[in-house]
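Structure at a glance
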Amino acid sequence: MSELGSSRRGCGSPVRVLLVDDQALFREALATLLGARAEVEVVGEAGDGAQALDRAAALHPDVVLMDLHMPVLDGIAAIRRLRVEQPEVRVLALTTFDDDEDVFAALRAGAVGYLLKDVSSERLVEALLAARRGESVLQPSVAAKVVAQFARLSDEPRPRPQPLVVPLSDRELDVLRLLADGRSNREIAGALFLAEGTVKNHVTNVLAKLGARDRTQAALRARALELL
């Protein structure tokens, strides 16, 4: 269906929904439940992500209710492809699990919402209508995870990108800091609990990456590059 045809449906018409789940009995029950609602029109079903892509291309749903753990092509991969191939279609993840990996993978892939299968029918219909409007819909437990994740990200100091062609490793940075303090290889080895030969190798790598001929030049260049 063209964008013009889609716009003609408008928000007053039933939201067209494609159900995607590998459990036929669940799909049938969900189709019956949603089919009884005037706000919803179930336009089709699919048993895996590959079928979902084909059905979505043929049926032009407003919203796809997508399970995540399915054979052939899983829900995450299907969501990612739908976002590229049919960006006008909204996807709501509807699954049994709310573990962090699934939640963030689905949202990164392009899902506009994430619901669990114990959601009430009233809440599910509201979510479908909201998804058609482009709004984000999250189960309360999932919303809490997202808020917590953003809080963690805002609290974590972001490392400054190294202006080097080949960045220094964390261990090489440790060696560089002690080297810049004037420590000998033996003293660096003692401070970092490394063999002196290992420290010598790290120093060689540090000098090469910084393009320095000696330890003093390496320290000066590191300060100029704000690595220290």
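Residues numbered from 1 in each chain as written. Predicted model: local features only at pLDDT ≥ 70, side-chain atom pairs only at ≥ 80, totals over all residues. Heavy atoms only, no water.

1. Re the overall build of the chain
Put simply, the rule reads: Counting from the N terminus, the helices are DSSP H or I runs at least four residues long and the strands are E runs at least two residues long. Between buried and exposed lies partly exposed: a residue is buried under 20% and exposed over 50% of the maximum accessible area for its type, with that area taken using a 1.4 Å probe on protein chains only. The contact criterion used throughout is that any non-hydrogen atoms of two residues lie within 4.5 Å. Areas reported here follow the Shrake-Rupley algorithm with a probe of radius 1.4 Å; residue values treat only the protein chains shown as occluding.
Regarding its fold elements, the chain presents eleven helices and six strands. Relative to its 228 residues, the chain shows a buried fraction of 42%. Nonlocal contacts in the chain, meaning residues at least 24 apart in sequence, comprise 63% of its contacts between residues at least 6 apart. Surface summary for the chain: the accessible area is close to 12500 Å², and the carbon and sulfur share equals 53%.

2. Remarks on the pairing of strand β1 (residues 15–20)
Our working definition: By definition, two strands form a pair when at least two bridges between them are found by DSSP.
Burial runs high along β1: six of the six residues are buried. Of the two faces of β1, the one holding V15, V17 and L19 and the one holding R16, L18 and V20 are both buried throughout. In the sheet, β1 pairs with strand β2 (residues 40–46) via six bridges, with the strands oriented parallel. Residue pairing in the sheet places L18 in a bridge with G44 of β2.

3. Some thoughts on the pattern of salt bridges
As a reminder, the rule being used: Salt bridges are identified by distance alone: a Lys or Arg side-chain nitrogen within 4 Å of an Asp or Glu carboxyl oxygen.
Scanning the model with the defined rule gives 13 salt bridges in all. Here K117 and D67 are joined by a salt bridge, their closest N and O atoms 3.8 Å apart. Linking K117 in the loop between β5 (113–116) and α6 (121–132) with D67 in the loop between β3 (63–66) and α4 (75–85), this pair joins segments that are 50 residues apart in sequence. You can call K117 partly exposed: its relative accessible area is 24%.

4. Some details on the sheet that holds β2
Hydrogen bonds along the backbone pair up the strands of a sheet, which may run parallel or antiparallel. Read from one edge to the other, the open sheet built from six strands follows the order β2-β1-β3-β4-β5-β6, with strand pairing classed as parallel. Strands with a single pairing partner mark the edges of an open sheet, and in this sheet they are β2 and β6 (137–138). The pairing of β1 with β3 spans four bridges and is parallel. Along β3, the bridge assignment pairs V20 with M66.

Geometric values such as these leave the question of function open.
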